[in-house]
Amino acid sequence: MTDKPLPATIAATAAGHTNTATGGVVSAIETATTFVRDADYRLPASGDIYRRDNNQTVREAEAVIAALEGGSEAVLFPSGIAALAAAMRVHAGGHVAVQRGAYYGTERLASELVTDPARLHFFDAGDLAGLEAVCAAHRPGLVAIETPSNPLLTVISIEAAAAIVHRHGGILMVDSTAATPIHTRPRALGADIVVHSATKALNGHSDVLAGVLVAGSERRETFEAAKASRALTGAMVSPFDAWLLTRGMRTLALRAMAMSRSALHIAHVLDAHPKVTRVHYPGLPTHPGHAVAAAQMEGGFGGLLSFEVENAAAALAVAGRVSLIKRATSLGGVESMIEHRASIEPAHRAIPPGLLRLSVGIEAVDDLVADLAQALA
Ligand SMILES: *Cc1c(COP(=O)(O)O)cnc(C)c1O
């Protein structure tokens, strides 16, 4: 074994957690909401008091994610949005900057929490000069980026963004949901907080709603405040969801690699298809963020891609004709899903009307290609 276990090993072994009470190779689910003190009123060895604060099953999932992200500490929330909200709320009284076209929920959350619209700023992923200008003019306390972004797959250099944000005294939060810790480790590139919707590829089986914040190595105040707010606001994940998440993550490396491999293949097939006008996938050499993605991602470009057909009617017809791929929102599951985002996002988001987002699962890639081919025919 290497000095530090590699991600596939961390995930497969649940970072070493077993059931030490019985010898079971898998941990038990700690369901208790409260914990017994001894006659001298001392806490049990776990240190636990009440489940709203913490719980062994939640700690185990957090330990796996922290290790996958390269150390530090992770804190789980009941959804990705709850994790984003906990971090954003810390800075809601000051200036906040958000990457344009980031996950719609992130943008909506920012507009809701940062009550003065004059304190909420946007910049484009591909425009570092624009980020520099926003930071110089407003010195935002928090800058939120997302790479690759959902649903347009824009790419931003985490390292370059971190340098800019830090020069102006801000905190850089990176939503790495689409990349997964298998393909990108934002902490090593300068992120102060990494966020994942664990609902997506981390769990991977479309049966858990959860989110997580991971602390960077320096500038931990925002992370600490967000972590403290979890117990304060009762935003605690259920132990069953945490346990399922740990179980799902055992196969994360295999799933992420398979999804990326299939997504790249499908992106090339779609790119060559006469009915497809544009493919958004950072693994394609023609993607404007390809060089940056190739430098900051390893082992693949993720399982998420988008493609455009002529117009909304054509896109809805394609979505209506797929039979293996599921018409559903969400991404990162073992089952492939297709979604017409313009149908569910408001007009100001300017989602191309003919755009279909495709989350590539782990089905046989030839079956996925055949399903798309017949739907596009
Ligand atoms: C889904 C998603 C979220 C929100 O996570 P939930 O678990 O659905 O609350 C945040 N960021 C990205 C990039 C996502 O895809």
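Residues numbered from 1 in each chain as written. Predicted model: local features only at pLDDT ≥ 70, side-chain atom pairs only at ≥ 80, totals over all residues. Heavy atoms only, no water.

Chemist: Account for the pairing of strand β5 (residues 171-175), naming residues and giving values.
Modeler: Most of β5 sits out of view: five of its five residues are buried. Here β5 shows no split at all, with Ile171, Met173 and Asp175 on one side and Leu172 and Val174 on the other all buried. As paired strands, strand β4 (residues 142-146) and β5 are joined by five bridges and run parallel to one another. Its bridge partner lying in β5, valine 143 is registered against leucine 172. Crossover handedness for the path β4 to helix α6 (residues 158-167) to β5: right-handed. Two elements, β5 and strand β6 (residues 193-197), share three bridges in a ladder whose sense is parallel. When the bridges of β6 are listed, methionine 173 appears paired with isoleucine 193. (Buried < 20%, exposed > 50% of the residue type's maximum accessible area, 1.4 Å probe, protein only. Helix = DSSP H or I, 4+ residues; strand = E, 2+ residues; numbered from the N terminus. Pairing = 2+ DSSP bridges. Right-handed = clockwise from strand over helix to strand, strands pointing away.)

Chemist: With reference to specific residues and values, describe the site of the ligand.
Modeler: Every one of the 15 residues lining the ligand counts as a neighbour, but Gly80, Asp175, Ser197, Thr199 and Lys200 are closest to it. The side chain of aspartate 175 places a nitrogen or oxygen atom 2.6 Å from a nitrogen atom of the ligand. Within the complex, the protein chains bury 92% of what would otherwise be the 380 Å² of accessible surface of the ligand. The biggest single contributor to the shell around the ligand is helix α3 (residues 80-91), with three residues. Of the residues that constitute the shell around the ligand, the class distribution is six nonpolar, six polar and three charged. (Near = heavy atom within 4 Å. Polar contact = N/O pair within 3.5 Å; in protein donor to acceptor, adjacent residues only side chain to side chain. Areas by Shrake-Rupley, 256 points an atom, 1.4 Å probe, with all protein chains shown as cover. Nonpolar A, V, L, I, M, F, W, Y, C, P; charged D, E, K, R; others polar.)

Chemist: Talk me through the sheet that holds strand β12 (residues 355-359); I want residue IDs and the actual numbers.
Modeler: The five strands lie next to each other as β8-β9-β12-β11-β10, forming an open sheet whose pairing is mixed. Edge positions in the sheet fall to β8 (278-280) and β10 (326-327), since each has one partner strand and no second. Alignment of β8 against strand β9 (residues 304-308), held across three bridges, turns out to be antiparallel. Looking across to β9, one finds that valine 279 is bridged to phenylalanine 307.

Chemist: Residues and numbers for the environment of valine 165, please.
Modeler: Positionally, valine 165 belongs in helix α6. Expressed as a C-alpha distance, the spacing of valine 165 and valine 194, which sit 29 residues apart in the sequence, is 15 Å. Excluding anything up to four places from it in sequence, valine 165 contacts Leu131, Cys135, Val143, Gly170, Ile171 and Leu172. (Contact = heavy atoms within 4.5 Å.)

Chemist: Can you lay out the domain arrangement of the chain for me, pointing to particular residues and giving the numbers?
Modeler: Each assigned domain of the chain is listed here: domain 1 (7-249) and domain 2 (252-376). The distance between the C-alpha centroids of domain 1 and domain 2 comes to 25 Å. If you look at the interface, domain 1 gives 39 residues, while domain 2 gives 38 residues. Both sides of the domain 1 and domain 2 interface together cover about 2800 Å² of buried area, and 62% of this is carbon and sulfur. A per-residue breakdown of the area domain 1 buries against domain 2 is headed by Tyr104, Leu153 and His183, which together make up 25% of the total. At the boundary of domain 1 and domain 2, one finds one salt bridge. The salt bridge involving glutamate 107 is made with arginine 349; its shortest N-O contact spans 2.7 Å. If you look at where domain 1 meets domain 2, you find 17 residue pairs in polar contact (both at pLDDT 80 or more). Elements that contribute at least two residues to the side of domain 1 that touches domain 2 include exactly α1 (7-12), α4 (104-113), α6, α7 (180-183) and α9 (239-249). Ranked by the residues each element gives to the side of domain 1 that touches domain 2, the list is headed by α7, at four residues. Each residue belonging to the side of domain 1 that touches domain 2 can be placed in one class, and the counts come to 21 nonpolar, 14 polar and four charged. (Domains from an automatic or database assignment. Buried area = accessible area lost by both parts, 1.4 Å probe. Salt bridge = Lys/Arg side-chain N within 4 Å of Asp/Glu carboxyl O.)

Chemist: Can you lay out the nonpolar core for me, pointing to particular residues and giving the numbers?
Modeler: The tendency in soluble globular proteins is for nonpolar side chains to be buried as a group. Core analysis: the biggest nonpolar cluster contains 46 residues, and Ile65, Leu76, Val143, Ile145, Leu172 and Leu245 have the highest contact counts within it. In terms of residue count, helix α2 (residues 56-68) provides more of this core than any other element does, six residues in total. Three or more residues apiece are contributed to this core by two domains, here domain 1 (7-249) and domain 2 (252-376). Once residues within four sequence positions are removed from consideration, isoleucine 145 is found in contact with Gln99, Phe123, Ile156, Ile158, Ala161, Leu172, Met173, Val174 and Asp175. (Core = buried A, V, L, I, M, F, W, Y, C linked by side-chain atoms within 4.5 Å.)

Chemist: Outline the side chain of glutamate 345, listing residues and values.
Modeler: By the element assignment, glutamate 345 lies in the loop between β11 (337-339) and β12. On the accessibility criterion, glutamate 345 (7% relative accessible area) is buried. In terms of polar contacts, glutamate 345 uses its side chain to reach the side chain of arginine 341, at 2.8 Å. With sequence-adjacent residues up to four places away left out, glutamate 345 is seen in contact with Tyr104, Pro151 and Ile351.

Chemist: Hey, could you go over helix α5 (residues 128-138) for me, with residue numbers and the actual values?
Modeler: For α5, the complete set of buried residues consists of Gly130, Leu131, Val134 and Cys135. Seen end-on, α5 carries its buried residues on one side only, within an arc spanning 135 degrees. When the buried face of α5 is taken as reference, the exposed residues oriented beyond 90 degrees from it are Ala129 and Ala137. Buried residues along α5 sit in contact with β2 (96-99), β3 (120-123), β4 and α6. Looking at the residues trailing α5, positive phi occurs at arginine 139, about 45 degrees. (Arc of directions from axis to C-beta.)

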